[in-house]
Amino acid sequence: MTTTFKNFIGGQWIAPATGEHFENRNPADRNDLIGLFPASGVADVHAAVASARRGFERWKRTPAPARGDVLRRVGDLLAARKEALADAMTREMGKPLAETRGDVQEGIDTAYYAATEGRRLFGHTVPSELANKWAMSMRRPIGVCGLITPFNFPLAIPTWKAFPALLCGNAVVLKPAEDVPHTATLLVEILLEAGLPPEVIQLVHGHGEVVGKALVEHPDVPVLSFTGSTETGRFVGETCGRMHKRLSLEMGGKNAQIVLDDANLDLALDGVLWGAFGTTGQRCTATSRLILQAGIHDAFVARLADRARALRLGDGRAAGTDVGPLVHEAARDKVERYVAIGHEQGATLVCGGQRAIGDVLDHGWFFQPTIFSGVTAGSRLEQEEIFGPVLSVIKVATVDEAFAVNNGVRYGLSSSVYTQDVNVAFRALQELDNGITYINAPTIGAEAHLPFGGVKETGNGHREGGWEVFEFYSETKVGYVDYSGSLQRAQIDNY
Ligand code: UN1
C-alpha cells in the first residue's frame, strides 16, 4: 500500500489543490517507494501564506521565553525520535545512519540553542547624548518567512532556518527539497506536537520552479532563506532585490584541504577521506580539492588511493557502509560529466571514475569514490562545484602558492590546513578567503552555536547558526524616552 502524504496548510494536513503528486524513492534502491508527496501549485502557496499571516499575528504576541519553551520541547522530541528520524532520512537520501544521526543531533543542538535565546534576544541600552533621555534598541519579529531547503541535510538545515525564525516570533512556510519530503513531514509533526500553534508553520511540498518560485515572488513573504545552487540563488536574489525582501543565501562551495610538508599525514588522510567522501561528497562543505605540498605529494596520493578504494559502498542503512549513493540519477549523471571533463583536461585518474555496480549497488545511484591528480589550478575540474565523490589533487611548492590556489575560486565556504606550524595556522585564519577555516580538521564539522556561511559567491553576507542568525530573523527597533519635560534637540542643543 503506497502512502500518499499531504501538505500542512491552514492548520491541517491537506491534499494539494493541484491533485497531483510525485514519487519519493530510496536512492540506494529505486524499487523502494517511500510514498507519494504533493506536487503543489501556486494556489497552495497562496493559501499557506494567508494562513501564516494569521499565525504570525498570534505568535508575535507570545513572549519570546514561551516561544523558546516550545523549541525546547521540540529538542526533546527530536532526541526521543533520533533513531527513527535517522532511518527515514537515510532511506530517502542515502547517507549512512551515523551521518543521519549526526544530522538529527544538529537539529537537537539548534533547538536547545534557540530555546535559551528566548531568554536573551538582547537589545542594547546606551547613554543618550541628552540629559534625562533613555536610549535603547530591541528586536522585533518581521512576518512570514519562506524557507527553501536542500536534500543533503534534510533535518539540520530546515532547523537552522525554522527554529531561529520561530524563536524571533515569525511564522514559517517551509518548502523542502523534492528528494527529502518525508523528513520535513516528520519535523513538522514534531513542531505541532511540541505545542507550536498550527498556523505558525506551513509545509508545502513540490517543485522549486513552481512552489519555491511562488514563495519567493509572494508579496506577503518579506523574508526568504535559501540553501541550494548558486544559479538558483541568483534568481532568488534578483527577485528579492526587486521586491525589497530580506534574503539569506547559502550556495555553492569548492572547498580545499591543504596538506603541508610538516603535517601529521595520518591525521590529514583521515580528514580528507571524511571531507571528500562523507555524504558522498554532497555537502556544501565537502572537500573537493586537495592541495598538497610537493614534499609529501606522491606518498600521500598513493596512501589516499589505497584508503579510498577500501571504502565500502552500499545502502546507508546496512551495517558497515561507509559511502551511500548519490541522491538521484541526475546527480550521478553530473558526476559522470565531470569525470569526462577531468579526462579531457589531461588530469590523471588515480582511482574510481566509474559507476559502482554489482549486487545491491545496481539498484541505486552509486558512484565510486574518485580521485584525479595533476589537476591544474584554474581548470574546470578545479573550479566548478560537482557535488559528488570527486576529489581533485593540486600540487604546490609553497605555503603562499597553496593559499593562492585555495583563494582562486569564486566560492568561499570552508577550508582546512594541516600543519604543525602555529604561525602558518594563524596566517591561514587571516588569509584564506572562506567563512570557515579548520586547522588540522577537515572542511566539514560546523557546530550549531557558531555562525555558518561563506564569502564570495557562496553567500550574500548573512550567516546561519550561532548568534548572528537571530539578527537576520528579527528587525532592530530603537526606542527613545525623553523624561526631561522639555524639548531637547539632538545634535543641536548640546553642541
Ligand atoms: C552543508 O555542508 O551543507 O559542517 C552543511 C558540516 C555540517 C553542516 C554542513 N555540520 O559539515
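Report follows, based on the coordinates.

Definitions and cut-offs
Residues numbered from 1 in each chain as written. Predicted model: local features only at pLDDT ≥ 70, side-chain atom pairs only at ≥ 80, totals over all residues. Heavy atoms only, no water. Helix = DSSP H or I, 4+ residues; strand = E, 2+ residues; numbered from the N terminus. Contact = heavy atoms within 4.5 Å. Phe/Tyr/Trp six-rings, centres within 6.5 Å; stacked < 30°, edge-to-face > 60°. Buried < 20%, exposed > 50% of the residue type's maximum accessible area, 1.4 Å probe, protein only. Lys NZ or Arg CZ within 6 Å of the ring centre and 35° of its normal. Expected span 1.5 Å × (residues − 1). Pairing = 2+ DSSP bridges. Axes fitted to C-alpha atoms, helices over the stretch in contact; angles between N-to-C directions. Core = buried A, V, L, I, M, F, W, Y, C linked by side-chain atoms within 4.5 Å. 1 Å grid on protein atoms, 1.4 Å probe; cavity = no way out; pocket = protein on both sides within 12 Å on 5 of 7 lines; lining within 4 Å. Points joined across faces, edges and corners; volume = space filled by probe spheres on them. Nonpolar A, V, L, I, M, F, W, Y, C, P; charged D, E, K, R; others polar. Domains from an automatic or database assignment.

1. Overview of the environment of Val180
In this structure, Val180 sits in the loop between strand 8 (171-175) and helix 6 (181-193). Taking the C-alpha atoms as reference points, Val180 and Leu155, 25 residues apart in sequence, are found 9.1 Å from one another. In contact with Val180, other than residues within four places in its own chain, are Glu92, Met93, Pro150, Phe151 and Pro154.

2. What to know about the packing of aromatic side chains
Think of a pair of aromatic rings as described by two things: how far the centres are apart, and how the planes are tilted against each other in angle. Under the criterion given, the structure shown has seven aromatic pairs. With 4.2 Å between their ring centres and 5° between their planes, Phe5 and Phe37 make a pair best called stacked. Of the two residues, Phe5 sits in the segment before strand 1 (7-9) while Phe37 sits in strand 4 (residues 29-38), which places them 32 residues apart along the sequence. Neither Phe5 nor Phe37 differs from the other in exposure class; each is buried. Here the aromatic cluster, defined as three or more aromatic residues joined through ring pairs, consists of Phe5, Phe22 and Phe37. The side chain of Arg30 reaches across the aromatic face of Trp365, ending 4.0 Å from its centre. The side chain of Lys95 reaches across the aromatic face of Phe153, ending 3.8 Å from its centre.

3. Here's the deal with helix 2 (residues 64-80)
Over its 17 residues, helix 2 extends 25 Å from the first C-alpha to the last, a length consistent with the 24 Å expected when each residue adds 1.5 Å. Along helix 2, the residues classified as buried are Ala64, Arg67, Gly68, Val70, Leu71, Val74, Gly75, Leu77 and Leu78. Packed against the buried residues of helix 2 are helix 1 (42-59), helix 3 (82-93), helix 4 (97-117), helix 5 (156-167) and helix 6.

4. Overview of the sheet that holds strand 15 (residues 370-373)
Spatially, 14-15-16-13-12-18-19 is the arrangement adopted by the seven strands of the open sheet, whose pairing is mixed. A strand with exactly one partner marks an edge of an open sheet, and here the two such strands are strand 14 (348-351) and strand 19 (436-439). Across the sheet, the axes of successive neighbouring strands diverge by a mean angle of 25°, strand direction being ignored. Direction of pairing for strand 12 (residues 255-259) relative to strand 13 (residues 287-293): parallel, over a ladder of five bridges. If you follow Ile258 over to strand 13, its bridge partner there is Ile291. Against the sheet, helix 13 (residues 399-407) touches strand 12, strand 13, strand 16 (390-396) and strand 18 (414-418), its axis set at about 165° to strand 13.

5. Remarks on the nonpolar core
Val74, Leu78, Phe163, Leu191 and Tyr473 are the most contacted members of the largest nonpolar core, which has 70 residues in total. When residues of this core are assigned to their parent elements, the largest contribution, seven residues, is made by helix 4. Of all hydrophobic cores here, the second largest spans 33 residues; its members include Val180, Ala347, Phe367 and Val396.

6. Section: the layout of surface pockets
The space that makes up the largest pocket amounts to roughly 960 Å³. In this structure, the largest pocket is lined by 40 residues; those nearest its centre are Phe226, Thr227, Gly228, Ser229 and Thr232. Every element with two or more residues in the lining of the largest pocket is listed here: helix 7 (208-217), strand 10 (223-227), helix 8 (230-242) and helix 11 (329-344). Counted by class, the lining of the largest pocket contains 17 nonpolar, 12 polar and 11 charged residues. There is about 440 Å³ of room inside the second largest pocket. Around the second largest pocket, the lining is made up of 25 residues, and of these Glu106, Phe153, Arg283, Gly445 and Ala446 lie nearest the centre. Of all the elements in the fold, those that place two or more residues in the lining of the second largest pocket are helix 4 and helix 5. Considering every element that reaches the lining of the second largest pocket, the biggest residue donor is helix 4, with eight residues. Grouping the amino acids of the lining of the second largest pocket by side-chain chemistry returns 11 nonpolar, seven polar and seven charged. Mapping the lining of the second largest pocket onto the domain boundaries places at least three of its residues in each of domain 1 (7-251 + 459-478) and domain 2 (255-439).

Remember, this is a structural readout, not a statement about activity or role.
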